[in-house]
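Fold and contact review
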Amino acid sequence: MVFKKVYKHLEKEGFEMYPIGVNPEYNKPLIIVKDSEPTRIAGTAFNNCIVYLYCHHPMGDYTKVLDFKEQIKESMDKLDNFERIDNGSQIMVDDNETYLFVLQYNNKRVRRIL
């Protein structure tokens, strides 16, 4: 399962991780992970599964947010078959009064054709 792979990898890398639907304390940097259902790409032997990383950082030193973002990207680069989707990943202030940005990754898995 793609969700578990990303969750366990980032947790092992030292990030505070939560699944979607859990209401964490937002007093430290954390990542909430959600994935989509795999979708088949017509005419190919690939399945896509998009992983969404909702990244929260407490308000304060903006440069620490930029460092947090780069650390996540570097950690995700270590996973095979994950390709970052450039969505601009704007940093904004959310309702929890944290800086929020979303990183998206496409996981292409080769599917056997019988």
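Residues numbered from 1 in each chain as written. Predicted model: local features only at pLDDT ≥ 70, side-chain atom pairs only at ≥ 80, totals over all residues. Heavy atoms only, no water.

So, helix α2 (residues 62–77)
One turn of the α-helix equals 3.6 residues, which is why residues spaced by three or four share an orientation. Using the following cut-off: Runs of H or I in DSSP of at least four residues are treated as helices and runs of E of at least two as strands, each being numbered from the N terminus. Helices are assigned an expected span. That span is 1.5 Å times one less than the residue count. Working definition: with a 1.4 Å probe on protein chains only, accessible area under 20% of the residue-type maximum means buried, over 50% means exposed, and in between means partly exposed. Here, the arc refers to the directions that run from the helix axis to the C-beta atoms.
Between the first and last C-alpha of α2 there are 23 Å, a value that for 16 residues agrees with the 22 Å anticipated at 1.5 Å per step. All of the buried residues in α2 are Val-65, Phe-68, Lys-69, Ile-72, Lys-73, Ser-75 and Met-76. The arc that holds the buried residues of α2, viewed along the axis, is 165°, so those residues lie on one side. Among the exposed residues of α2, those oriented more than 90 degrees off its buried face are Glu-74 and Asp-77.

Observations concerning the environment of Gln-90
Worth spelling out the cut-off: Any pair of residues with heavy atoms lying within 4.5 Å of one another is described as a contacting pair.
Residue position: Gln-90 is located in the loop between β5 (82–85) and β6 (92–93). A sequence separation of 11 residues divides Gln-90 from Phe-101, and the C-alpha atoms of the two residues are 5.8 Å apart. Each residue touching Gln-90, except ones within four places of it in the same chain, is listed here: Leu-100 and Phe-101.

Description of the nonpolar core
Worth spelling out the cut-off: Buried Ala, Val, Leu, Ile, Met, Phe, Trp, Tyr and Cys residues that are joined via side-chain atoms within 4.5 Å together make up what is termed a nonpolar core.
Val-6, Ile-31, Val-33, Leu-53, Ile-72 and Met-76 are the most contacted members of the largest nonpolar core, which totals 24 residues. Element by element, the count of residues in this core is highest for helix α1 (residues 2–12), at five residues. Residues in contact with Ile-72, not counting those within four places in the same chain, are Phe-15, Ile-31, Leu-53, Cys-55, Phe-101 and Leu-103.

Focus on the pattern of salt bridges
Our working definition: Any Lys or Arg side-chain nitrogen located within 4 Å of an Asp or Glu carboxyl oxygen qualifies as a salt bridge.
Counted under the stated rule, the structure contains three salt bridges. The partner of Lys-78 in a salt bridge is Glu-13, and the shortest N-O contact between them spans 3.0 Å. On the criterion of sequence distance, the pair formed by Lys-78 in the loop between α2 and β5 and Glu-13 in the loop between α1 and β1 (17–19) is long-range, its members being 65 residues apart. Residue class for Lys-78 comes out exposed when judged on its relative accessible area of 54%. Residues Lys-28 and Glu-16 are paired through a salt bridge, measuring 3.9 Å at the closest nitrogen-oxygen approach. Of this pair, Lys-28 sits in the loop between β1 and β2 (30–35) while Glu-16 sits in the loop between α1 and β1, placing them 12 residues apart in sequence.

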